[in-house]
Amino acid sequence: MRTAIVTGGGRGLGRSIAEALAAAGFSLALIGRHESSLRETAPDALIVPADLTDPAALDAAFAQILGAWPRLDVLVNNAGTFGRSAPLEDVGREEFDAVLALNLTAAFWCTQHAVRAMKAQRPTGGRIFNIGSVSAHRPRPNSVAYAVSKHGMTGLTRAVALEGREHGINCTQLDIGNAATAMTAPLGEPTFDPAHVGTIVATLAALPHDVSVPELTMLATTMPYLGRA
């Protein structure tokens, strides 16, 4: 039995990743705010509705999942939000904090639960995938909170990879440039099918623990990222 948790699994990238992992034979647990959309993604998965910005709900979700499974093989930190597009000087405290709470802080606490489980199980080890963004390299204008959160995700990824390697715990950051989702639709830039992200995650999840892929960038070929200032 190979197991995988996907946060934000009810739509977009999370749904594509979950579908690919299920097709690869993983037993799934999906965490997200809306039970109905999670069930649409994978009716046979362990469905855990939860607001990951609520610490008690996050802890309870992981307690439920880890209590039901003998081990955890994969965590995908996918849940996230772009936030309101606004100049830096117009961003309010609450909206800045809300973006970081979901995109970065929740990802850390999910990762902590996963690392504890992966260290305690026998054999030890597992893979953690952090869904980043090309904004971790070249931010878009008027998206400071999102850019800060994805730069923070890079720090989290590198810290987990460093501390986890002696236990067979790998951590990969996937920096995505415009997969076709509801989040990217307003940008008006080229996109690619998010199913390709799922293919990459499922492929990397099948690698042995002595192989590490720290970072990977996926782009729509004709998007302006490579020429962005």
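Here's a quick rundown of the structure. Bear in mind the structure is a predicted one, so any value in this text is a computation, not a measurement.

Parameters at a glance
Residues numbered from 1 in each chain as written. Predicted model: local features only at pLDDT ≥ 70, side-chain atom pairs only at ≥ 80, totals over all residues. Heavy atoms only, no water. Axes fitted to C-alpha atoms, helices over the stretch in contact; angles between N-to-C directions. Helix = DSSP H or I, 4+ residues; strand = E, 2+ residues; numbered from the N terminus. Parallel < 35°, antiparallel > 145°, perpendicular 65-115°, else oblique. Left-handed = near helix turned anticlockwise from the far one by under 90°. Contact = heavy atoms within 4.5 Å. Nonpolar A, V, L, I, M, F, W, Y, C, P; charged D, E, K, R; others polar. Phe/Tyr/Trp six-rings, centres within 6.5 Å; stacked < 30°, edge-to-face > 60°. Buried < 20%, exposed > 50% of the residue type's maximum accessible area, 1.4 Å probe, protein only. Lys NZ or Arg CZ within 6 Å of the ring centre and 35° of its normal. Salt bridge = Lys/Arg side-chain N within 4 Å of Asp/Glu carboxyl O. Pairing = 2+ DSSP bridges. Polar contact = N/O pair within 3.5 Å; in protein donor to acceptor, adjacent residues only side chain to side chain.

Thoughts on the packing of helix α4 (residues 93–120) against helix α5 (residues 144–164)
For the pair α4 and α5, the least separation of the axes is 8 Å and the interaxial angle reads 15°. With respect to their mutual orientation, α4 and α5 come out roughly parallel. Crossing of α4 against α5: the hand is right-handed. For the pair α4 and α5, the contacting residues are Phe96, Val99, Leu100, Asn103, Leu104, Ala107, Phe108, Thr111 and Val115 in the first and Ala145, Tyr146, Val148, Ser149, Lys150, Gly152, Met153, Leu156 and Val160 in the second. Considered class by class, the residues forming the contact of α4 with α5 number 13 nonpolar, four polar and one charged.

With respect to the packing of aromatic side chains
On inspection of all chains with the given rule, the structure shows two aromatic pairs. With 4.7 Å between their ring centres and 45° between their planes, Phe82 and Tyr146 make a pair best called tilted. Residue Phe82 is found in the loop between β4 (74–77) and α4, and its partner Tyr146 is found in helix α5; the two are separated by 64 residues along the sequence. Here Phe82 and Tyr146 have matching classes, each one buried. On the numbers, 4.7 Å between centres and 70° between planes, the contact of Phe108 with Trp109 is edge-to-face. Take Phe108: its relative accessible area is 35%, and that puts it in the partly exposed class. The ring of Phe26 carries Arg2 above its face, with NZ or CZ at 4.1 Å from the centroid.

Points about unusual backbone geometry
Cis geometry marks the peptide bond from Arg122 to Pro123; its omega dihedral reads -5°. Here Pro123 shows up in the loop between α4 and β5 (126–131). In this model, Asn142 sits at a positive phi of 65°, which is unusual for a non-glycine residue. The residue Asn142 is located in the loop between β5 and α5 in this model. Here the phi dihedral of Asn178 falls at roughly 65°; this positive angle occurs in a residue that is not glycine.

A closer look at the pattern of salt bridges
What the rule picks out here adds up to seven salt bridges. With its nearest N and O atoms 3.0 Å apart, the salt bridge here joins Arg39 to Glu35. You can see Arg39 and its partner Glu35 sitting in helix α2 (residues 35–41), four residues apart, about one turn around the helix. Residue classification places Arg39 among the partly exposed positions, given a relative accessible area of 38%. A salt bridge links Arg84 to Glu95; the nearest nitrogen and oxygen atoms lie 2.8 Å apart. Residue Arg84 is found in the loop between β4 and α4, and its partner Glu95 is found in helix α4; the two are separated by eleven residues along the sequence.

A look at the sheet that holds strand β3 (residues 46–49)
Pairing between the strands of a sheet is mediated by backbone hydrogen bonds and can be parallel or antiparallel. With parallel pairing, seven strands are arranged side by side in an open sheet as β3-β2-β1-β4-β5-β6-β7. Looking along the sheet, the strands with just one partner apiece sit at the ends: β3 and β7 (215–219). Geometrically, the sheet is characterised by an average inter-axis angle of 15° between neighbouring strands, direction not taken into account. Summarising the sheet, strand β2 (residues 26–32) and β3 pair through four bridges and their orientation is parallel. Of the residues in β3, the one forming a bridge with Ile31 is Val48. Running at roughly 175° to β4, α4 makes contact with β1 (2–7), β4, β5 and β6 (169–177) of the sheet. On top of the sheet, helix α6 (residues 195–205) reaches β2, β4, β5, β6 and β7; it is set at about 165° to β6, its chief contact.

Quick notes on the side chain of Thr111
Looking at the element boundaries, Thr111 is found in helix α4. Given the relative accessible area of 2%, Thr111 is considered buried. Within the structure, the side chain of Thr111 is placed 2.7 Å from the backbone oxygen of Ala107, a separation counted as a polar contact.

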